[in-house]
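Given next are the chains, with one letter for each unit.
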Amino acid sequence: MEEMHRLMEPRLRRLDQWKSHGVDPFGQAFLDTLPSAQILSWEPRNQRVRLAGRIIAWRDMGKSVFAHLLDQSGKIQIYGNVQSLGEESYRLFKELELGDIVGIEGELFSTRTGEKTVRARSFRLLCKSLRPIPSLWYGLQDPELRSRHRYLDLIANPERREVFLLRSRLIRQLRRMLEDRGFIEVETPILHPVAGGATARPFVTHHTTLDLDLYLRIAPELYLKRLLVAGFEKIYELGRNFRNEGISRKHNPEFTMLEAYWAYADYRTMAKLVEELIVGLAQELLGKLQYSLRTLEDRLVEIDLTPPWEWKTYRQCIEEAAGSDWYLLSFEEQKKRALELGVETHGTTDPVDLSQKIFEKRVESQTYCPLFVSHLPAELVPLAKPNAQDPTVVDAFELIIGGMEIAPGYSELNDPLLQRKRMETRLEEGGTIDEDFLHALQYGMPPAGGIGIGIDRLVMVFSGVSSIREVIFFPTHRPKPFPL
């Protein structure tokens, strides 16, 4: 509290000064403003302008003041002196501080150095900042502080806004592309009576009136498939999922997913759709298909999204990574080979699980250009249709880009008897059975293809950042006091 008081005391005194001048330090509406980026696009000819934003730089030169104002679109220089503002207004103008939010009216002109600047004719204090903002010279560089206090990160490091603006454009364009292909957006419950649709530990809550435990959704899949049963043929949902599991550079407990389902399609159809969507997004957002990406290991690699993308089977990937004799080895021999490859085997009691650890460590994390990995083991994908030639694998794919899984896709399992059998197998491993979903399947679900696209990871791929925390406004943290 003493530190907070020391930082805020001068500002609180200034707050009282504004009140003594009859000024409301927390302002009123200030409408009909223009974005700074639009103003800066004009040729300066003393046009009258009106804008608002936060003061992020301040140079008091005695008889004049230069400042920079930051709004959503960028920053612009502001100039004020006695001649432009008048003596009384200029005296108040000089009492503004870094962090204050102000409204300005004036004219656009060009300084002797050629910088486009707004000459203030009047101003209004819209919000007095009671804390000094971090130094814009040094910025706010600590990654944990930046993601804990994103509001300060985006003030001190306004260039980081580009990632979040790209995210917004990506989501808007993705919706447009799906709707252009005849998909309709739907909404399904976030509170589920049964945790299902994926394998993960759920968050649990309780509804008091119904005296019912509910689960934040792991995935919307089972509800979207109910809509396929109902006769909807092209649907998608874009929203939050929640998994009560680890945090890493590519995992956050709440994350954004797009799931789409297409009746009468299959996994190959969905792979083509994913390829079209991601290529279209890259062309729209980046204007190119080849670029550099910073990996999770913090090194630059070259990405080429030019179609068609490569395909490999899961078995092929494992044999390339662990040896062509991998599936001929005993389980003990496989564990020994895995340790030689730097793959941790502690607690692994199942050959499928061990192969998956090989895949994640030696294939997924080292694959940067797009790769469709198909024909996954049936044990890994209990909601996908078995392959007609080899029922030990399923007609499914995982799309890998930038060392991460970006999008899984399936030919969806629509056999209610086999689906029950698979769910009962998972039940032995701690899974659950959604009886209402199985009841819906018994009425008949058409053959269908489905995909999920991890929006956060896709933004990472397009923006070139190496941590999921850099693309989520407010990632999950353990609460702790703010040190600044």
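None of the values given here were measured: they were computed from a predicted structure.

1. Some details on the UniProt feature "binding site: Mg(2+) 1" (unreviewed entry) in the protein
Per the UniProt annotation, the sites labelled "binding site: Mg(2+) 1" (unreviewed entry) are Glu398 and Glu405. Judged by its relative accessible area of 12%, Glu398 falls in the buried class. With sequence-adjacent residues up to four places away left out, Glu398 is seen in contact with Phe359, Glu364, Leu371, Phe372, Val373, Leu376, Glu405, Ala407 and Pro408.

2. Describing the environment of Ser36
Here Ser36 shows up in helix H2 (residues 36-40). When the C-alpha atoms of Ser36 and Asp71 are compared, they prove to be 6.8 Å apart, with 35 residues separating the residues in sequence.

3. Description of the packing of aromatic side chains
One pass over the full model with this rule turns up 13 aromatic pairs. Between Tyr79 and Phe109, the aromatic rings sit 6.1 Å apart at their centres with planes inclined by 70 degrees, giving edge-to-face as the arrangement. With Tyr79 in strand E3 (residues 74-81) and Phe109 in strand E4 (residues 101-110), this residue pair connects regions lying 30 residues apart in the sequence. In this pair, the class of Tyr79 matches that of Phe109, namely buried. Between the aromatic rings of Trp309 and Phe372, the centroid separation amounts to 5.8 Å while the plane-to-plane angle is 35 degrees, which identifies the pairing as tilted. Here Trp309, found in the loop between strand E13 (300-304) and strand E14 (310-313), pairs with Phe372, found in strand E15 (residues 371-374); they are 63 residues apart in sequence, far enough to count as distant. Comparing Trp309 with Phe372 shows no difference in burial state: the two are buried.

4. Quick notes on the sheet that holds strand E9 (residues 212-216)
Ordered by their spatial adjacency, 3 strands build an open sheet running E7-E9-E8, and the pairing between neighbours is antiparallel. Each edge of the open sheet is held by one strand with a lone partner, namely strand E7 (191-192) and strand E8 (204-207). Where E8 meets E9, 4 bridges bridge the pair, whose relative direction is antiparallel. Across the sheet, residue His207 finds its bridge partner in E9, namely Leu212.

5. Some remarks on helix H10 (residues 314-322)
Turning to H10, its buried residues number three or more, namely Tyr314, Cys317, Ile318, Ala321 and Ala322. When H10 is viewed along its axis, its buried side chains cluster within an angular range of 105 degrees and face the same direction. Buried residues along H10 sit against E14, helix H11 (331-340), helix H12 (351-363) and E15. Among the residues trailing H10, Gly323 stands out with phi positive, at a value near 115 degrees.

6. Concerning the pattern of salt bridges
Within the structure shown, the criterion is met by 32 salt bridges. Two residues, Arg181 and Glu276, come together in a salt bridge whose shortest N-O distance is 3.4 Å. Of this pair, Arg181 sits in the loop between helix H7 (161-180) and strand E6 (184-185) while Glu276 sits in helix H9 (residues 267-285), and the two are 95 residues apart along the sequence. In this structure Glu276 comes out as partly exposed when scored by relative accessible area, which is 30%. Of the charged contacts in the structure, one is a salt bridge between Asp325 and Arg337, with a shortest N-O distance of 3.1 Å. One end of the pair, Asp325, is in the loop between H10 and H11; the other, Arg337, is in helix H11, and 12 residues separate them in sequence. Ionic contacts of the salt-bridge type, sharing partners, join the residues Arg146, Arg150, Asp153, Arg160 and Glu470 into one network.

7. Observations regarding H7
Between its first and last C-alpha atoms H7 spans 29 Å; for 20 residues at 1.5 Å apiece the expected length is 28 Å, and the two agree. Within the sequence span of H7, burial applies to Val163, Phe164, Leu166, Arg167, Leu170, Ile171, Gln173, Leu174, Met177 and Leu178. Here the buried face of H7 lies against helix H6 (150-156), strand E10 (234-242), strand E11 (254-263), H9 and helix H15 (455-463). A positive phi of about 90 degrees marks Gly182, the residue just after H7.

8. Observations concerning the environment of His192
For His192, the location among the structural elements is in strand E7. In this structure the C-alpha to C-alpha distance between His192 and Tyr223, which are 31 residues apart in sequence, comes to 9.6 Å. Here His192 is in contact with Leu214, Tyr215, Arg217, Ala219 and Tyr223, once residues within four sequence places are set aside. From its side chain, His192 meets the backbone oxygen of Pro189 in a polar contact 2.8 Å long.

9. Overview of the side chain of Thr348
Relative to the helices and strands, Thr348 resides in the loop between H11 and H12. Residue Thr348 is classed as buried on the basis of its relative accessible area, which comes to 4%. Discounting residues that sit within four places of it in the chain, Thr348 has contacts with Phe331, Lys335, Asp353, Leu354 and Lys357.

10. Considerations on the packing of H11 against H12
Between H11 and H12, the least distance of the axes is 11 Å, while the angle of their chain directions is 20 degrees. The orientation of H11 relative to H12 falls into the category roughly parallel. Considering only the axes of H11 and H12, their crossing is left-handed. The residues of H12 that touch H11, namely those facing Phe331, Gln334, Lys335 and Ala338, are Pro351, Leu354 and Ile358. In terms of residue class, the contact of H11 with H12 is made up of 5 nonpolar, 1 polar and 1 charged.

11. Some thoughts on the sheet that holds E3
An order of E1-E2-E3-E5-E4 is seen for the 5 strands of this closed barrel, with the pairing classed as mixed. The average undirected angle you get between the axes of adjacent strands in this sheet is 55 degrees.

Scoring rules and cut-offs
Residues numbered from 1 in each chain as written. Predicted model: local features only at pLDDT ≥ 70, side-chain atom pairs only at ≥ 80, totals over all residues. Heavy atoms only, no water. UniProt positions renumbered as here; feature names shortened; annotations may be inferred. Buried < 20%, exposed > 50% of the residue type's maximum accessible area, 1.4 Å probe, protein only. Contact = heavy atoms within 4.5 Å. Helix = DSSP H or I, 4+ residues; strand = E, 2+ residues; numbered from the N terminus. Phe/Tyr/Trp six-rings, centres within 6.5 Å; stacked < 30°, edge-to-face > 60°. Pairing = 2+ DSSP bridges. Arc of directions from axis to C-beta. Salt bridge = Lys/Arg side-chain N within 4 Å of Asp/Glu carboxyl O. Expected span 1.5 Å × (residues − 1). Polar contact = N/O pair within 3.5 Å; in protein donor to acceptor, adjacent residues only side chain to side chain. Axes fitted to C-alpha atoms, helices over the stretch in contact; angles between N-to-C directions. Parallel < 35°, antiparallel > 145°, perpendicular 65-115°, else oblique. Left-handed = near helix turned anticlockwise from the far one by under 90°. Nonpolar A, V, L, I, M, F, W, Y, C, P; charged D, E, K, R; others polar.

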